[in-house]
Amino acid sequence: MRAPFIFLITFFSLGQLIAQVRNYSNEFLAIGVDAAAFGKGNSVVASSNNINSIYWNPAGLSSIENKQAALMHASYFGNIANFDYAAFASPLDDYSSIGIGAVRLGIDDILDTRNLVIDDQNLTPFDDLKRFSTADYAFLVSYSRKAFKNTNFSYGVSAKVIRRVIGDFASSWGFGLDVGFQGQSKDGKWKYGAVARDITTTYNSWQVEDNIFNPDDANNIEGDNLLAEQEAIEDTEITLPSLQIGLAREIEITRDFNMNVETDINVRFAQTNDIISNNNFSISPSLGFELNYQKTAYLRGGVNNFQKEVQFDDSERTAFQPSFGLGFSYRGITIDYALTDIGDQSIALASNIFSIIIDWQLFNPSSPAYRR
């Protein structure tokens, strides 16, 4: 039990040292992946035990027994933005596993309106305007291992390469590390875990088109570039570390029905609108449950993203993001669905999210699970 405490103390010390560094970058990686996790309000850091642990907690990847593949698609902001995820994982031996994954959040077919006005009376036809895409990519490689002397404890690390592209105007590369651990009681009823994201602090180095902020931009017909009135972006963005701690409980209701309940604490080392916030850190809780019938049909619910919102009359209210999910698993295929932001509790529009997990071994006719 000493290792988790050393991990947390070291991480909080790191947070104190960098609390004054500029924050808010690579926010697309804070969204999450997997409809099952969304359905539980993203409360999965202690209980995640499949291929999607690549993102949620690399320590959980050591629990997989067979090769797995995962896909997810979601649309945000009225189908304007598309969020996609794909991953593959495989056990290396009885104690360790490895996985790779890719995430993309993108908006395509954006009109480049810098040349919209030809003169005071004429507009460029929309069909003649150039179009571009803006997209954020993350490529992850994860490794997880169970402890030799205590197989109820596991640890893992995810290395991520980040690529961000804004048309032909700007692009950046970044690199970061996530580390995590998971453990459980001897009877398996209690589970705990933590993951530290961007533990080394993630830096994105930007390259911007030379003329885009110049008054005499050659791409502008009138030679009057309105972007010249804006400040050029900084060459480097910094993503501060964050910490997610979880505690889960497995509950056997009947022989056929079981439930998993988990609560997580999300810590960011910056001042935000989270319900607990000061100059050094911010804290927001989350809670989720998953009810299953014979590990075939799943019902999920959760709540997360508790934020303080200022109203038009300068009063404050606490907003949150509820979620709901369903899942079905049969012969190696697991299909999950989630609906988030029910009841318009936050400014984001409700999103329908679908994901699928395919387990290779379960397609083997000799497998007991295949004959289930």
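Up top you'll find the structure we're talking about.
Reading the values: the criteria
Residues numbered from 1 in each chain as written. Predicted model: local features only at pLDDT ≥ 70, side-chain atom pairs only at ≥ 80, totals over all residues. Heavy atoms only, no water. Helix = DSSP H or I, 4+ residues; strand = E, 2+ residues; numbered from the N terminus. Buried < 20%, exposed > 50% of the residue type's maximum accessible area, 1.4 Å probe, protein only. Contact = heavy atoms within 4.5 Å. Areas by Shrake-Rupley, 256 points an atom, 1.4 Å probe, with all protein chains shown as cover. Polar contact = N/O pair within 3.5 Å; in protein donor to acceptor, adjacent residues only side chain to side chain. Pairing = 2+ DSSP bridges. Salt bridge = Lys/Arg side-chain N within 4 Å of Asp/Glu carboxyl O. Core = buried A, V, L, I, M, F, W, Y, C linked by side-chain atoms within 4.5 Å.

Asker: When you look at the overall build of the protein in this model, what are you seeing that I'm missing?
Answerer: Across its full length, the protein holds three helices and 17 strands. The buried share of the protein, reckoned over its 372 residues, is 45%. Pairs at least 24 apart in sequence give 57% of the contacts found in the protein among residues at least 6 apart. Counting every atom, the protein has about 19,700 Å² of accessible surface; 57% of that belongs to carbon and sulfur.

Asker: Even after reading the chapter, I still don't get the side chain of Gln244, so can you show me in this structure?
Answerer: Tracing the sequence through the fold places Gln244 in strand β10 (residues 242-252). Residue Gln244 is classed as buried on the basis of its relative accessible area, which comes to 5%. Polar side-chain contacts of Gln244 include one of 3.2 Å to the backbone oxygen of Asn42. Polar side-chain contacts of Gln244 include one of 3.4 Å to the side chain of Asn266. Excluding its chain neighbours within four sequence positions, the residues that come into contact with Gln244 are Asn42, Val45, Gly193, Ala194, Val195, Arg197, Asp264, Ile265 and Asn266.

Asker: So what exactly am I meant to see when it comes to unusual backbone geometry here?
Answerer: Negative phi characterises most residues that are not glycine, and trans characterises most peptide bonds. Phi angles above zero are rare outside glycine, and Asn42 is one such case at about 60 degrees. Structurally, Asn42 can be placed in the loop between α2 (35-39) and α3 (53-56). Judged by its relative accessible area of 13%, Asn42 is buried.

Asker: Where do I start with the pairing of strand β4 (residues 131-146) in this structure?
Answerer: When strand β3 (residues 96-111) meets β4, the two strands line up antiparallel, connected through 14 bridges. Along β4, the bridge assignment pairs Ala102 with Phe139. Where β4 lies against strand β5 (residues 153-166), 13 bridges are found, and the strand directions are antiparallel. In the sheet register, Arg145 faces β5, and the bridge partner there is Tyr155. Between β4 and the antiparallel strand that follows it, β5, lie six residues.

Asker: I keep staring at the pattern of salt bridges and nothing clicks. Help me out?
Answerer: One pass over the full model with this rule turns up nine salt bridges. In this structure, Asp274 and Arg268 form a salt bridge, with 3.1 Å as the shortest nitrogen-oxygen distance. In this structure Arg268 comes out as partly exposed when scored by relative accessible area, which is 29%. Measuring nitrogen to oxygen at the nearest pair gives 2.7 Å for the salt bridge that ties Arg300 to Glu290. Residue Arg300 is located in strand β14 (residues 297-310), and its partner Glu290 is located in strand β13 (residues 282-293); the two are separated by ten residues in the primary sequence.

Asker: Please explain the nonpolar core as it appears in this structure.
Answerer: One broad rule of soluble globular proteins: the nonpolar side chains tend to lie buried together. Counting residues in each nonpolar core, the largest one holds 30 residues, and the members touching the most others are Val33, Phe83, Val103 and Ile353. For this core, the secondary structure elements donating two or more residues are α2, α3, β1 (68-76), β2 (81-91), β3, β4 and β17 (351-359). With five residues, β2 is the largest single contributor of residues to this core. In this view, Ile353 contacts Ala35, Phe38, Met72, His73, Ala74, Tyr76, Asp336, Tyr337, Ala338 and Thr340; residues no more than four positions away in its chain are not counted. Counting residues in hydrophobic clusters, the runner-up holds five residues, among them Leu243, Val267, Phe269 and Ile283.

Asker: Would you mind showing me how to read the environment of Gly41 here?
Answerer: Mapped onto the fold, Gly41 is located in the loop between α2 and α3. Each C-alpha atom of the pair Gly41 and Ser323 lies 5.9 Å from the other, and the pair is 282 residues apart in sequence. Filtering out sequence-adjacent residues up to four positions away, Gly41 remains in contact with Ser286, Gly302, Val303, Asn304 and Ser323.

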